[in-house]
Amino acid sequence: MEPNLPSLNVITDYRPKMPLRVYTADHVLIGEFGQERRNVVHIQDIPPVMKNAVLAIEDYRFYEHGGVDFIGILRSGIADVLHGTKAEGASTITMQVARNFFLSREKTFTRKLYEMMLSYKIESALTKDQILELYMNQIYLGEGAYGFASAARTYFGVDLKDITLAQAAMLAGLPKAPSAYNPIANPRRAKIRQEYILKRMLDLHYISQAQYEQAINEKIHLVKAGMQFAVHAGYVTEMVRQAMYDKFKEAAYTRGFNVITTIDSKDQAAAYTAVRDGVLAYERRHGYRGPEGHIDLPGNPADQQQAIDDALADHPANGNMFAAVVLNATHSKVTAMPLSGVAVNIEGEGLRFAASALNPRLPADKRIGPGSIIRIMQDGKGQWSITQVPKVEGALVALSPSNGAIRALVGGFDYSQSKFNRVTQAWRQPGSSFKPFIFSAALEKGLGPATIINDAPLNLPPDQTGGKYWDPKDDDQPEGPMTMRVGLEKSKNLVAIRVLHYIGTKYAQDYVTSRFGFDVDKIPPYLPMALGAGDVTPMQMVNAYAVFANGGYRVNPYLISKVTDAQGNVIDLAAPTTAGDNAPRVLDPANAYIMDSMLRSVAQHGTGARSNVLKRTDLAGKTGTTNDARDGWFAGYQHTQVAVAWLGYDQPKPLGSHEFGADVALPIWIDYMRTALQGVPSYTMPMPPTVANIGGELYFADKTPGNGFLASISLGNGNGLAAGMPGSAPATPIGPNFPGGPATAPSMSGQVPNVTPGERQQILDFFKSSKP
C-alpha cells in the first residue's frame, strides 16, 4: 500500500482556496465571496482557549501519540461492541487531516488503513503544531466557513483572537457534524454539544470550575446571515464582486484577492442608519398595515415552540427588525416570541405605532392577537417596539468631489431583502433637484442671480393645450416678479419654466449632458426638463453636483482603490481624476462660484433650510419632488463631500400629500452629514477674479448691469410664456433696481424647437402636482 500513498506536497506547501475579501479604506472587513470562506491563521495566533476546546473533544492525546492513537482505537472498539454501533471513532487530528486532504469519507477497512499510514507519513514530515494549524484552518464548520477563524466571524461576528470560552466550546462541537450542531440552524443541539465539551475541558483540567460555570451561563449572541460584518455594505460589496468577476472570472473567488475600497466605515455606517431611519419615519407617518401572518398555537409547550420556529423560518430578520409570534396581547401589553426562544414584552411607547391593531373587533388578518406574526425591534435602551417591514425604499450615495472616491453607498433599505441597487440601477425623475443645472446653463446666456423673472400664472390657449384653456398652478401661490436666486430658493416651477424657455431646450439639453454627464437619450429637449422630467440615477446626480462642489471639474466616481493578492502584492491600483489636476474643467470658475452661492442660499433660506440644524454655513443643495410626489430627493454638499438621498417606491406611486423632498429625503441627508462632517472645518470657496460683487449680488465680471447682464425676462402679463409661444420671450434688459444702458439678449435662433402636443401635455401634467 505504501507506493500508493499520495505526495504530501499539498500540505507541506499549503495553498488553500482563499475567498475574495472586501475592505473599507480604513481596513474594516465588509464582505467575503467564495465557496470556501477561510481566513488562514498561524498556530501562535490561535488563542489557547480555542486550541484546548478542540483538543478536548477531538484528540486530547494529540501531543502524545505518533499520529494514530491505539489506546483510543481500543476504547472506541470496545464501545462499538458493547453498544452495537458502527461509529468510526478514534480518529486523531492527524488522521482527520489525512482524510480531509487526501481521502474520501467512506467507512471501509482499506480506507482506514490508508488513513493510518498517511498519518504516520504526515507526522514524519510536519511538527505537531504544523499539523494542528492545518487542521484548524482546513476543517469545514458549516455556513460556508472553513477553519475556526472564519467560523468565529460567521457565527459570532468576532475575530478569533477575541473569542470567549463559551464560543470556543460551541465552535469545537462543529467538526463532528456541522449541520447537526450548527448554532444558527439548531441552537438547542449546539448548546447541548457545547456543554458536553465544557465538561470535557473541566475534566481534563483545561479550565477551572469557575470558568466552567461562567461559560455554561454565558448567553451566546449569534449573527444572522449578512450581519457578520461590523459595517452594513451589501450593495458596495456586490458592486466589487461584479467588477472582480468581470476581470478574473472564477479565479476571483479562490486566489485570495483583497480589495480595498474608497468607502469610509464611519460614513458607511452613518449612511445605512440614516436610510433606515428615514424609511421607517415615513412608515410611521403612514400607519400600521397589520401582522405579517398568523399561526395556530398548540397547547403543548414543546409543540408550540416547534410551531413558532417553523413559522418564523419563513420570516427572516431584516437588519435589526425581527419576526416574532404573539403569545398574548392586550391594549397595554404584547408578549411575543422571536426565533431566539426568549419571549419579549412590548409596552407603552413600543405599542404606539401598532395601537390601532390591538382593537379586538378588527378582522383577524388586521388584528394583533395570539398567533399573529409581527415585526419587532429594540432601541438603544433595550426597549422593544412593534414595527413593520417597509414597502417604500430609500437610497444614499456620497463621494469626495475632489476625486470621485465613493465614501458611502446604500442602495436600498435592506440588501438581504432586495439586491436591486437603487443608486446605480434605478432610473428616476429628479424633480426640482434638476433645476440647478438649468440655472447654470442660464448663467452662460446672460442671466444671473439678480435677473427678475415673473412668478405669474401661465394662461395657455387651446392651441397650446390640445383643446381648452388651462391655468397651471404651482404648489404655492404665485408671488409675481422675483430674482432668479429667490426663484431657486423657493423652487418656483413657473420661474424655472420661463428660464428654460428663454435659453432654449436644445441648448439646455446639450449643456447638461456634455458638462454634467447625464444621458442624452434620458433628458429630452422639452420644457418639462426644467422640472426634472428626464431620467437619472442617484449616482449620476451625486457626480453632477460634485461639479458645483469642486469648482467646476468633472471627476469620475470610483469604488476600488487597490487590489492585492494573497501574498500582499499589488495587482491593481486606481488612478482617479482629480479636480485641479487631471480632471477636465466643464464649468467656468465664475459659473461654479455663482451656482455654489445660489445653492447655499437654498440650503440656508429656501426649501433646504432644514439643513440649518447642522449649524453650518458652508452647506449647499437642492430639494426635489416629482410629479404626484412619486420621488423625494435632496442633493447637496459641503466642500469635502457631496451626497444624494432619495426615497420612493420601486414601482412608482405617490408618496402621499405633504411628502416632499424636504420631508422625506432631506432628513436622511442631514442624518448622514451630521456624522460625515464631524470635525470638518467650515469652508469658503474663493471668489474668482471673473466674478463681480455689486450691491451684495454676484455677476459675471463681463456681464454686469448695463454691460451684458440680462436684468429680467418675461415680466408679467400673465398670458403665457411669451406672445406667440413657442418662441423666445422678449427680454427686459433694464429693471427698476438696475440703472444703466440696455443689455443685449443672446440670440435664440434655432435653439427653441416647436412645442409639440405631447410636450404641452407633459407641461400640463407636471404643473398639476409638481412640488419643490
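Residue numbers run consecutively from 1 along every chain, following the written order of its sequence. Two thresholds apply to this predicted model, a pLDDT of at least 70 for residue-level local features and 80 or more for giving and counting side-chain atom pairs, whereas whole-chain, interface and lining totals are computed over all residues. Based on all heavy atoms of the structure, the side-chain values leave hydrogens and waters out of the count.

Undergrad: For the overall build of the protein, give the residues involved together with the corresponding values.
TA: For the protein, the count of helices and strands is 23 helices and 24 strands. A simple rule labels every residue: compare its accessible area, found with a 1.4 Å probe on the protein chains alone, to the largest value its type can have, and call it buried under 20%, exposed over 50%, or partly exposed in between. Counting over 772 residues, the protein shows a buried share of 55%. By element, 52% of the accessible surface of the protein is carried by carbon and sulfur atoms, the whole surface being about 32400 Å². Here a helix means four or more residues in a row that DSSP labels H or I, a strand means two or more in a row labelled E, and each is numbered from the N terminus. Here the open area of atoms and residues is found with the Shrake-Rupley method and a 1.4 Å probe, where only the protein chains shown may cover a residue.

Undergrad: Pulling in residues and values, what's your account of the sheet that holds strand β5 (residues 258–261)?
TA: Through backbone hydrogen bonds, the strands of a sheet pair up, either in parallel or in antiparallel fashion. Whether two strands pair comes down to DSSP finding at least two bridges between them. Pairing is mixed across the open sheet formed by five strands, whose spatial order is β2-β1-β5-β16-β17. The open sheet terminates on both sides in strands that have one partner only, identified here as β2 (29–33) and β17 (570–573). Taken over all neighbouring pairs, the strand axes of this sheet differ in orientation by 15° on average, direction set aside. With four bridges connecting them, strand β1 (residues 20–23) and β2 associate as antiparallel partners. Residue pairing for β2: Val22 is matched across the bridge by Gly31. Pairs of residues are marked as contacts when any of their non-hydrogen atoms sit within 4.5 Å. Comment: axis = line fitted to C-alpha atoms, over the contacting stretch for helices; angle = value between 0 and 180 degrees taken between N-to-C directions. With respect to the sheet, helix α11 (residues 234–248) is in contact with β1, β2, β5, β16 (560–564) and β17, its orientation differing from that of β2 by roughly 45°.

Undergrad: Summarise unusual backbone geometry; cite the residues concerned and give the values.
TA: One non-glycine residue with positive phi stands out, namely Glu143, at about 55°. Take Glu143: it is sitting in the loop between α6 (128–138) and β4 (145–146). Even without being glycine, Lys249 reaches a positive phi, approximately 55°. Of note, Lys249 is situated in the loop between α11 and β5.

Undergrad: Give a detailed account of the nonpolar core, specifying residues and quantitative values.
TA: Grouped together as the largest cluster of nonpolar side chains are 87 residues, with contacts concentrated most on Phe437, Ile438, Phe439, Phe516 and Phe518. If one sorts the elements of this core by residue count, helix α19 (residues 538–549) sits on top with nine residues. The set of buried Ala, Val, Leu, Ile, Met, Phe, Trp, Tyr and Cys residues whose side-chain atoms join them within 4.5 Å is what this entry labels a nonpolar core.

Undergrad: I'd like to hear about the sheet that holds strand β19 (residues 631–638), residue by residue, with values.
TA: With antiparallel pairing, the five strands of this open sheet are ordered in space as β13-β12-β20-β19-β18. Either end of the sheet is taken by a strand with one partner, and the two such strands are β13 (406–410) and β18 (620–625). The mean inter-strand angle of the sheet, taken between neighbouring strand axes irrespective of direction, is 5°. When strand β12 (residues 393–399) meets β13, the two strands line up antiparallel, connected through four bridges. Its bridge partner lying in β13, Ala398 is registered against Ala408. Each of β12, β13, β18, β19 and β20 (641–648) touches α19; the most contacted strand, β20, lies at about 145° to it.

Undergrad: Break down α19 for me, citing the residues and quoting the values.
TA: Over its twelve residues, α19 runs 16 Å from end to end, which matches the ideal 16 Å to within 8%, given 1.5 Å per residue. Counting buried positions over the twelve residues of α19 gives twelve, a clear majority of the element. All of the buried residues along α19 are Pro538, Met539, Gln540, Met541, Val542, Asn543, Ala544, Tyr545, Ala546, Val547, Phe548 and Ala549. After α19 finishes, the residue Gly551 shows a positive phi value of roughly 90°. In this scheme, a helix's expected span is set at 1.5 Å multiplied by one less than its residue total.

Undergrad: Quick one: what's the story with the packing of helix α2 (residues 48–58) against α6, residue by residue and with numbers?
TA: The contact between α2 and α6 brings their axes to 12 Å, and the two run at 90°. The angle between α2 and α6 places the two elements in the roughly perpendicular class. Contacts from Met50, Lys51, Val54, Leu55 and Glu58 of α2 reach α6 at Leu132, Tyr135 and Met136. In this classification, Asp, Glu, Lys and Arg are treated as charged, Ala, Val, Leu, Ile, Met, Phe, Trp, Tyr, Cys and Pro as nonpolar, and every other residue, Gly included, as polar. Taken together, the residues that form the contact of α2 with α6 break down as six nonpolar, no polar and two charged. Working rule for angles: under 35 degrees goes down as roughly parallel, over 145 as roughly antiparallel, 65 to 115 as roughly perpendicular, anything else as oblique.

Undergrad: Describe the packing of aromatic side chains, listing the residues and the values that go with them.
TA: In this description, a pair of aromatic rings is defined by centroid distance and the angle of the planes. The criterion for an aromatic pair is that two Phe, Tyr or Trp rings (for Trp, the six-membered ring) have centres within 6.5 Å, with stacked assigned to planes under 30 degrees apart, edge-to-face to planes over 60 apart and tilted to the rest. Counted by the stated rule, this structure contains 20 aromatic pairs. Between Tyr282 and Tyr649, the ring centres sit 6.4 Å apart and the planes meet at 75°, which makes this aromatic pair edge-to-face. Here Tyr282, found in helix α12 (residues 265–285), pairs with Tyr649, found in the loop between β20 and α21 (661–664); they are 367 residues apart in sequence, far enough to count as distant. Of the two residues, Tyr282 and Tyr649, both sit in the buried class. Pairing Phe516 with Phe548 gives two aromatic rings, centres 5.3 Å apart and planes at 55°, and the pair type is tilted. Of the two residues, Phe516 is situated in helix α18 (residues 505–516) and Phe548 in helix α19; the sequence distance between them amounts to 32 residues. For the pair Phe516 and Phe548, one class covers both residues: buried. Linked through ring pairs, Phe434, Phe437, Tyr507, Tyr511, Phe516, Phe518, Tyr545 and Phe548 together constitute an aromatic cluster. Seen from the ring of Tyr181, Arg189 lies directly overhead, with NZ or CZ sitting 5.4 Å from the centre. Here, a charge over a ring is recorded when the distance from Lys NZ or Arg CZ to the ring centre is within 6 Å and its angle to the ring normal is within 35 degrees.

Undergrad: How would you sum up the pattern of salt bridges? Please name residues and give values.
TA: We define a salt bridge as a contact between a side-chain nitrogen of Lys or Arg and a carboxyl oxygen of Asp or Glu at a distance within 4 Å. In this structure the tally under the stated criterion is 33 salt bridges. One connected set of salt bridges, linked through shared partners, spans Asp455, Glu479, Lys490 and Lys492.

Undergrad: I'd like a description of the pairing of β2, backed by residues and values.
TA: Moving residue by residue along a regular strand, the side chains alternate between the two faces of the sheet. When you tally the buried positions in β2, you get five out of five residues, the bulk of the element. Joining the antiparallel neighbours β1 and β2 is a turn of five residues, in which His27 adopts a positive phi near 65°.

Undergrad: Tell me about the confidence of the model for the protein, and please be specific about residues and values.
TA: Here the protein averages 87 in pLDDT, and 85% of its residues register 70 or above. pLDDT runs from 0 to 100 and stands for how confident the predictor is about each residue. In the model, residues 715–755 has pLDDT below 50 throughout and makes 85 contacts with residues more than four positions away in sequence or in other chains. Segment residues 766–771 is flagged for pLDDT under 50; beyond a separation of four residues in sequence, or across chains, it makes 27 contacts in the model.

Undergrad: Kindly report on the side chain of Arg38, identifying the contributing residues and their values.
TA: Topologically, Arg38 is positioned in strand β3 (residues 37–38). Its relative accessible area of 0% is what places Arg38 among the buried residues. For Arg38, the side chain forms a polar contact with the side chain of Glu36, separated by 2.9 Å. Counted as a polar contact is a pair of N or O atoms within 3.5 Å, where, for protein atoms, one must be capable of donating a hydrogen and the other of accepting one, and residues adjacent in sequence contribute only when both atoms are in side chains. A polar contact is formed between the side chain of Arg38 and the backbone oxygen of Asn137, at a distance of 2.9 Å. If we ignore the near neighbours within four places in the chain, the residues touching Arg38 are Tyr14, Pro16, Lys17, Met18, Pro19, Arg21, Asn137, Gln138, Tyr146 and Ser150.

Undergrad: Could you give an account of the pairing of strand β10 (residues 372–378), with specific residues and numbers?
TA: Of all seven residues that make up β10, six are buried, and the element is covered over most of its length. As defined by bridge partners, strand β6 (residues 293–294) adjoins β10 across two bridges and the pair is classed as antiparallel. Of the residues in β10, the one forming a bridge with Gly293 is Ile373. Pairing of strand β7 (residues 321–329) with β10, which is carried by five bridges, proceeds in the antiparallel orientation. Residue pairing for β10: Ala323 is matched across the bridge by Arg375. The pairing of β10 with strand β11 (residues 384–387) spans four bridges and is classified as antiparallel. Looking at β11, one finds that Gln378 is bridged to Trp384. Linking two consecutive strands that pair antiparallel, namely β10 and β11, is a turn of five residues; a positive phi of about 85° is found at Gly382 within it.

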